[in-house]
Amino acid sequence: MTSQNKQEKTFLAVKPDGVHRGLVGKIVSRFEKKGFKLVAMKFIQAPEELLYQHYRDLKDKSFFSGLVKYMASGPVVAMVWEGENVVKTARFMLGETDPKKSLPGSIRGDFAIQVGRNIIHGSDSVESANKEINLWFRAEELVSWHKIDQSMIYED
Ligand code: DAT
Ligand code: MG
């Protein structure tokens, strides 16, 4: 199997706290340096309806309304990244949901303190990634392109 067959996509979003704190460049840079390929990106203030959909599995949690309010409080940088095993690897790069449990070196471990201000979202499975990508982006917003350094990142 070539790496081309193992490529998958994930949905990542710098949350409003990450944007306010000027961390967009640093966060994007980590995924670029890793070798993943950016295929879509937009800067938007998400409507609450979109956020209800995005977090629908958490609608019965006590923190749900606070979560939606925080996510709608300012702009987010919504992105789609592609690469081999990118869903799981991006989750490792994010750290744990609670920054207190996130190792230094991870994004939440390095830049966040509380779970309710953990600066970045990442899909937790290929299935949720596909749902989230479809929710946040139209098909034509995903750019199909060949990244010139692929043979230096993948051996096959
Ligand atoms: P993750 O974002 O790591 O996938 P999740 O899907 O379980 O975590 O929860 C979504 C977001 O909800 C999470 O990034 C921050 C918030 N959240 C989760 N648990 C929380 C809690 N106990 N208190 C406050 N906010 C919480
Ligand atoms: Mg989640």
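Here we summarise the structure given alongside this text. Worth saying up front: this structure is predicted, and the values here are computed from it rather than measured.

A look at the environment of R108
- As for its position among the elements, R108 is in helix α7 (residues 107–111).
- Each C-alpha atom of the pair R108 and I133 lies 22 Å from the other, and the pair is 25 residues apart in sequence.
- In contact with R108, not counting residues within four places along its chain, are K15, L94, G95, E96, T97, P99, S102, N118, I120 and H121.
- Within polar-contact distance, the side chain of R108 engages the backbone oxygen of I120 at 2.7 Å.

Digging into the packing of aromatic side chains
- In total, this model carries four aromatic pairs according to the counting rule given.
- Plain terms: the ring middles of F31 and W81 are 5.8 Å apart, the flat faces sit at 40 degrees to each other, and that makes the pair tilted. Placement of F31 in helix α3 (residues 24–34) and of W81 in strand β3 (residues 76–84) is noted, with a sequence separation of 50 residues between them. With respect to class, F31 is no different from W81; both count as buried.
- One Lys or Arg, K42, reaches over the ring of F137 and ends 4.7 Å from the middle of that ring.

Brief notes about the sheet that holds strand β2 (residues 37–44)
- The sheet built from four strands is open, its strands ordered β2-β3-β1-β4 with antiparallel pairing. The open sheet terminates on both sides in strands that have one partner only, identified here as β2 and β4 (120–122). Strand-to-strand, the axes of this sheet are offset by a mean angle of 20 degrees, without reference to chain direction.
- Each of β1 (7–14), β2, β3 and β4 is contacted by helix α8 (residues 126–136), which is oriented at about 60 degrees to β1, the strand it contacts most.

Conventions used here
Residues numbered from 1 in each chain as written. Chains lettered and ligands numbered in written order. Predicted model: local features only at pLDDT ≥ 70, side-chain atom pairs only at ≥ 80, totals over all residues. Heavy atoms only, no water. Helix = DSSP H or I, 4+ residues; strand = E, 2+ residues; numbered from the N terminus. Contact = heavy atoms within 4.5 Å. Polar contact = N/O pair within 3.5 Å; in protein donor to acceptor, adjacent residues only side chain to side chain. Phe/Tyr/Trp six-rings, centres within 6.5 Å; stacked < 30°, edge-to-face > 60°. Buried < 20%, exposed > 50% of the residue type's maximum accessible area, 1.4 Å probe, protein only. Lys NZ or Arg CZ within 6 Å of the ring centre and 35° of its normal. Pairing = 2+ DSSP bridges. Axes fitted to C-alpha atoms, helices over the stretch in contact; angles between N-to-C directions.

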